[in-house]
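# Tertiary structure, described
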Amino acid sequence: MAEIVIVPDAAAAGALVADEILRLVAANPETVLGLATGSTPLPVYEALRPRLADTDVSLVQGFALDEYVGIDPSHPESYRSVIAREVVEPLGLDPRRIRVPDGSLEGIEHAGDDYERAILEAGGIDLQLLGIGTDGHIGFNEPGSSFASLTRVKTLTEQTRDDNARFFDSVEAVPRHCITQGLGTILRARHLVLLAFGEGKAQAVAGAVEGPLTASLPGSAIQLHPHATVVVDEAAASRL
Ligand code: GLP
């Protein structure tokens with residue numbers, strides 16, 4: 001079973017996970033981080049910023065979980081832009097060492113394989129940050145995703161498009177497809193750290209941690225991982 005850590009609030013979670021990342025980078029300057037978007041991991045990046053001031057991060061590598069397909073990379077809500085704005089720039093990482101799946105339509109048929117190869121060439125992901133969708137998705141692996149899946153194109157559910165509409169002008173503007181690390185890709189990372197805050201995530205967290213292993217709740221895949229840590233506030237833990 002995953003290790004469950006209940007913290008008073010998101011800031012405490014951020015501090016805890018930032019400490020773990022700092023330990024990794026201190027031990028290995030070429031640490032490979034699995035980066036997540038969404039609002040949930042933001043406290044980790046915020047906590048890392050001051051703590052990284054005295055650390056050489058020039059060799060740190062990073063791989064984002066996912067990207068929208070067909071979105072202009074310069075769109076402020078493309079995950080390429082989000083990762084640049086919320087992670088790479090504030091933390092002073094080397095943008096050439098931080099990758100996001102390529103969601104451009106040209107070459108989309110080999111973008112998944114290219115991404116898998118890049119992760120392998122980097123030596124695999126040391127610590128993968130994860131949020132969880134209200135429907136239990138991790139990355140953009142929506143319900144029905146195979147536990148063995150690798151990086152590939154998926155269709156977003158209506159619920160995810162509704163949830164993410166807050167970042168766009170309207171729900172119609174939310175892309176319909178995405179490219180995401182698969183559950184199999186995520187399970188290869190050496191340490192999974194899933195964060196969730198608030199009542200709205202309680203059901204997904206309970207399903208991921210204690211529910212049956214099922215493709216209907218992709219987050220339940222973390223139960224297959226030998227080193228998974230779930231960091232939640234009281235509200236997100238309320239159904240455990
Ligand atoms: C998006 C991302 C996921 C993220 C989820 C939850 O769909 N692709 O990686 O975990 O949303 O988002 P939030 O953290 O904003 O609740």
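Everything quoted here is computed from the prediction, not taken from an experiment.

Here is what the cut-offs are and how they apply
- Residues numbered from 1 in each chain as written.
- Predicted model: local features only at pLDDT ≥ 70, side-chain atom pairs only at ≥ 80, totals over all residues.
- UniProt positions renumbered as here; feature names shortened; annotations may be inferred.
- Buried ≥ 20, exposed ≤ 12 C-beta atoms within 10 Å, placed from the backbone.
- Contact = placed C-beta atoms within 7 Å.
- Near = placed C-beta within 6 Å.
- Nonpolar A, V, L, I, M, F, W, Y, C, P; charged D, E, K, R; others polar.
- Helix = DSSP H or I, 4+ residues; strand = E, 2+ residues; numbered from the N terminus.
- Core = buried A, V, L, I, M, F, W, Y, C linked by C-beta atoms within 7 Å.
- Pairing = 2+ DSSP bridges.
- Axes fitted to C-alpha atoms, helices over the stretch in contact; angles between N-to-C directions.

Sites flagged by UniProt as "site: Part of the allosteric site" (unreviewed entry) map to Ser145, Arg152, Lys154 and Thr155. According to the C-beta neighbour criterion, Ser145 is buried, with 23 such atoms within 10 Å. Ignoring any residue separated from it by four or fewer positions in sequence, one finds Ser145 in contact with Leu183, Ala215 and Pro218. Look past the residues within four positions of Lys154 in its chain and what remains in contact with it is Phe140, Asn141, Glu142, His177, Cys178 and Thr180.

Near the ligand there are 14 residues, and of these Gly38, Ser39, Thr40, Gly131 and Gly133 occur at the shortest range. Taken together, the residues of the shell around the ligand break down into four nonpolar, nine polar and one charged.

Let us now look at the UniProt feature "active site" (unreviewed entry) in the protein chain. In the numbering used here, UniProt assigns the feature "active site" (unreviewed entry) to Asp66, Asp135, His137 and Glu142. What makes Asp66 buried here is the crowd of 23 C-beta atoms within 10 Å. If near-sequence neighbours (up to four positions away) are discounted, Asp66 is found in contact with Tyr79, Pro101, Gly139, Phe140, Cys178, Ile179, Thr180 and Gln181. By secondary structure assignment, the location of Asp135 is in the loop between strand S6 (127-130) and strand S7 (152-155). Take Asp135: there are 19 C-beta atoms within 10 Å of it, and that puts it in the partly exposed class. Each residue touching Asp135, except ones within four places of it in the same chain, is listed here: Glu142, Pro143, Thr157, Gln159 and Thr160.

Residues Val193, Leu194 and Val205 are the most contacted members of the largest nonpolar core, which totals 66 residues. Element by element, the count of residues in this core is highest for helix H1 (residues 10-27), at six residues. Discounting chain neighbours no more than four positions away, the residues touching Leu194 are Leu130, Ile132, Ala208, Ile222, Ala228 and Val230.

It is worth spelling out the sheet that holds strand S8 (residues 177-180) at this point. With antiparallel pairing, the three strands of this open sheet are ordered in space as S4-S8-S7. Strand pairing shows two members of the sheet lacking a second neighbour, strand S4 (66-68) and S7, which therefore form its edges. In this sheet, neighbouring strand axes are inclined to one another by 30 degrees on average, regardless of whether the strands run parallel or antiparallel. Bridge analysis of S4 against S8 gives three bridges, and the strand direction is antiparallel. Bridge pairing in S8 places Asp66 opposite Thr180.

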